[in-house]
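Overview (structure and organization)
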Amino acid sequence: MSSPQRRRSIAAGAVLALASGLLTVAITGTADAAVVGAGSYAETLPAGAALPNGCGALTTNPRQYVTANAPSGAVPTNDWWSSLLFKRTDCSYSEPLHAHPLSFDPSAGGLGVSYTTTPTISGTATGVGEYHYPYQQDLLVGVAGLNSPDVKVDGWSDWTVTPYWSDGARTLKATIGHGLPFSYYQVTGGNAQLTTAGTPSVWSNSGNVIGFTAGGSDYVAYAPSGASWAVSGTSITSALAGRGYFSVAVLPTTSSTSTAAKQALASSYGTYAHAHVTGTRIAYTYSPNSNNALSTTYSFTTTAREGSATGTVVSLYPHQWKYLSGSTPIADTYVSARGAMKVLTGVSSFRTAMTFRGTLPEIPGVGNSGADLTTLNNYLSAAQANPEDNRGPDTYWTGKGLGRAARIAEIADQVGNTAVRTSALAAIKSRLTNWLTASSGESQSLFYYNANWGTLIGYPASYGSDQELNDHHFHYGYYIAAAATLARFDPSWASSGQYGGMIDLLIRDANNYDRNDTRFPYLRDFDIYAGHDWASGHGSFGSGNNQESSSEGMNFANALIQWGQVTGNTAVRDAGVFIYTTQAAAIQEYWFDSSDTNFPAAFGHSTVGMVWGSGGAYATWFTADPEMIQGINMLPVTGGHLYLGYNPSYVTTNYNELVRNNGGAPTVWQDILWEFLALGNPDQALANFRANNGFTSEEGESKAHTFHWLRNLSALGTVDTSVTANHPLTATFVKNGARTYVASNVSSSPITVTFSTGTTLTVPAGKTATTGAWVWTGGSGGGGTQPTTSPTPSPTPTVPPGAASRYLTSGGGLNGTATGAGSVSVSSAGGGNYDGTPHNPATFTATGVTNTYNGGSTAFDLFVDAGTGVGNGTQVRVSYDLTGDGTADRVETYRYFATDPVGGYEHYTQAAGLVSSSGALGDLRNGTVRVEVWNAIGNGASTLGVGNQSIIRLPLS
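Residues numbered from 1 in each chain as written. Predicted model: local features only at pLDDT ≥ 70, side-chain atom pairs only at ≥ 80, totals over all residues. Heavy atoms only, no water.

1. Here's the deal with the sheet that holds strand β27 (residues 341-347)
The three strands lie next to each other as β24-β27-β26, forming an open sheet whose pairing is antiparallel. This sheet does not close on itself; its edge strands, each paired only once, are β24 (312-316) and β26 (333-334). Note: β26 against β27, two bridges, orientation antiparallel. Residue pairing in the sheet places T333 in a bridge with K342 of β27. (Pairing = 2+ DSSP bridges. Helix = DSSP H or I, 4+ residues; strand = E, 2+ residues; numbered from the N terminus.)

Here it is in structure tokens:
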């Protein structure tokens, strides 16, 4: 969902470099369109279409508010300072700019400065409410007599901006930015002048440095050597010794408010006061072979106006200082709308070290069997004729339809439902091909490039995506994600000669990953220092910029990962990993406050629907319903949204607030909210669905996807963030102490993925593998088939053969090699309850086992079938006698597996979880392993597949 109202092209024959040289595509111009492979975009504004504009229709070209010193190419939008250029509501200056820890507000006389440490809180703890650290001017920094008719932009870098004032006789140039307690100034035509809110309290005035309190905050102004400051009423002035530069710093909240402490800190800051920050730049490195490590360096360029200092003073947001590597903050902190900001002094850069936890095209179908498989296929069949659910016609709602179809295609592929998969892929291909082609005279379902704003706009637009440049990452993320799904099955469609080049342009528009491509701003929608996206293109609000649907921003980031991986474009993939990993941390801090440290204590909410520059709001642009306030930061739910479950206990906290604020269980968007709940309490979420599956699906959802998600997370458990891997398309889940490892391979060759625990998975081309069950994903080769009849299932178990693999045999052995398929009978429980206690078990034993314990866990895949019997519960116990002395040193009893009354084998795996365990595993020296299988409940016998079917993998090397 969205914000409030929700170059002339490259010359003919030019070549656009894609993916850092990995891919090129020719772009040629026509009278109406630029051709990109088999696709194209319009160069003439479609009939009836609206252009971006600033103050009414006056600002159709933002360059009129840019000086000649500013960088060439596309101007940034969707930033914390975009109001300076867009001038959407203030035709001359801008709305307040919330940089943190400081906020700023330009006016005719200069730059207003604010450091607000007390939040304003409105609303209630159970209804719509918000908190803000509003702009409250402490001082106005300018030139005596300055009366500029407007403010222009003299330059920008990754997280700074340089506003510029001129009234013909006087000029003022300021540099301000995220994380900077300093603001830097250059003036001509008069004395520097600081006008305070009320009479300042001066606590130090020595030569060129003056310290004072204004508006309740402590500031220090640093003039050049040899200059001095004079105080008269509310005015502090300096002639700057004729050298025309100075800086002003706000001091942090300190443990001591004594004058001596302030003076000492002012002196420390003074070392860097004249090393003016003149540039900032991000650099990131993603290293999949180093357990998916992400290293990000934030660099500052300084210019010494005097002296030789090169470092500066910076403050870090929580999502930065919690992952800081190689630097130690000082004790003092700043108050901000994002929580405490910690301070580094004398640095020219700092580095964060994060881990990318992986994403998946879709969660694996480990529970898609028996009656549940029938249910899922029924839901899929219901969507076959209309996989997009008639969404459209604008960019956002078309995207929602594409997202729905992509989920259906992925799931249908897993269960081998080729008819539904074919229908969904055909719908995606038709819709994307139409949108990615601009015909002469066409005005609908096309993209148009506007050189003034450096943007690719889709028409029909929606929620201000045209006039305000809102939400491009929200809208286009759906297109790119659907294209990634299509590319798995139709690689030629995604090639540079076909439609891959147009998809790349959508990526570059929303978040251009290539600094050398000046047609689009670098990372338009992603605020590099703040660590998250901004939805509004203009940002012209008193509270700064805003974003509600952080999850749709993450949908875009995941789309880049999926598209980059399937097309081999590592530049796109790595940009997606950087945005995804950084923003996942920011969401936990600023939308969820999952550590309960960043929201003001009196706010009363455990989540917000919207983040603002000055605060946050338990609200949306479109409704006051708690289900949507919270759900808007959960949808769309995909295999790229596992970050929502990084903190399972917080999932419960969030969901409980929803129920409390709603006065009961959700009545709308139940699917979205249950899918979120499933990341913390999957069994309860599935139970909710089974008890009430007659709800109306959210517009981008389908019953097929909701049931698939809930059923399989119930089998898998929750996300295990303690495990990493050496491949981007991975995940690990844990249930009752048992792990399931998952890896997806969207390439055309087999791969082997290694997890940080030492577990490896060999993944065939175009498939997903898991240690717990089978997953049928066909890639470009088509889907597999689900076994439906006994006794010979196909394909083979996914607990792979190996030195520690043992097959259950009809003679009661645990063999290291497979034999022919067979079966044994597992006795009925006779109506009794033998949960946890073997009753007439089928027993399988291996003796004389000598192997080294590898630190892992037991894994198994048992083929069980109760036929048409109702209510059987097959259970397994695994015992390890490490020395063969007849005493079990480790005993593991797993929860029983409730079989369905439909003929055909089902898969009982360790994902069921431990019900009890005793003792410890270790090396086996002439040891014994015993597997016992029995029916804990039920009135009928069951069949257990053996030979080459049921397998146990021991945690041994």
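2. Quick notes on the sheet that holds strand β36 (residues 718-719)
In spatial order, the strands read β36-β37-β38-β41; together these four strands make up an open sheet with antiparallel pairing. With one partner strand each, in any of the chains shown, β36 and β41 (768-770) form the two edges of the open sheet. Where strand β38 (residues 738-744) and β41 come together, three bridges link them in antiparallel fashion. Across the sheet, V742 pairs through a bridge with T770, a residue of β41. Seen against the sheet, helix α15 (residues 703-716) touches β36, β37 (730-735) and β38 and runs at an angle of roughly 65 degrees to β37. (Contact = heavy atoms within 4.5 Å. Axes fitted to C-alpha atoms, helices over the stretch in contact; angles between N-to-C directions.)

3. Some words on the nonpolar core
Membership of the largest hydrophobic core comes to 215 residues, with the highest contact counts inside it found for L194, F246, Y269, L432, I480, W563 and F733. In contact with L432, other than residues within four places in its own chain, are L402, Y479, A482, A483, L486 and W493. (Core = buried A, V, L, I, M, F, W, Y, C linked by side-chain atoms within 4.5 Å. Buried < 20%, exposed > 50% of the residue type's maximum accessible area, 1.4 Å probe, protein only.)

4. Overview of the environment of F246
With respect to the helices and strands, F246 occurs in strand β21 (residues 245-250). As for F246 and L882, which are separated by 636 residues in sequence, their C-alpha atoms are 75 Å apart. Aside from chain neighbours lying at most four places away, what touches F246 is V141, Y184, Y185, V187, A192, L194, Y222, A223, W229, L240 and H276.

5. Some points on the confidence of the model for the protein chain
Overall, the prediction assigns the protein chain a mean pLDDT of 91, with 92% of residues at 70 or greater. Here residues 1-25 scores under 50 on pLDDT; set against residues more than four positions off or in separate chains, the count is 97 contacts. Counted against residues more than four places away or in other chains, residues 773-803, with its pLDDT under 50, gives 97 contacts. (pLDDT = per-residue confidence, 0-100.)

6. Some points on helix α10 (residues 570-590)
Between the first and last C-alpha of α10 there are 29 Å, a value that for 21 residues agrees with the 30 Å anticipated at 1.5 Å per step. Its side-chain oxygen at 3.3 Å from the backbone nitrogen of A571, N569 defines the N-terminal cap of α10. (Expected span 1.5 Å × (residues − 1). Polar contact = N/O pair within 3.5 Å; in protein donor to acceptor, adjacent residues only side chain to side chain.)

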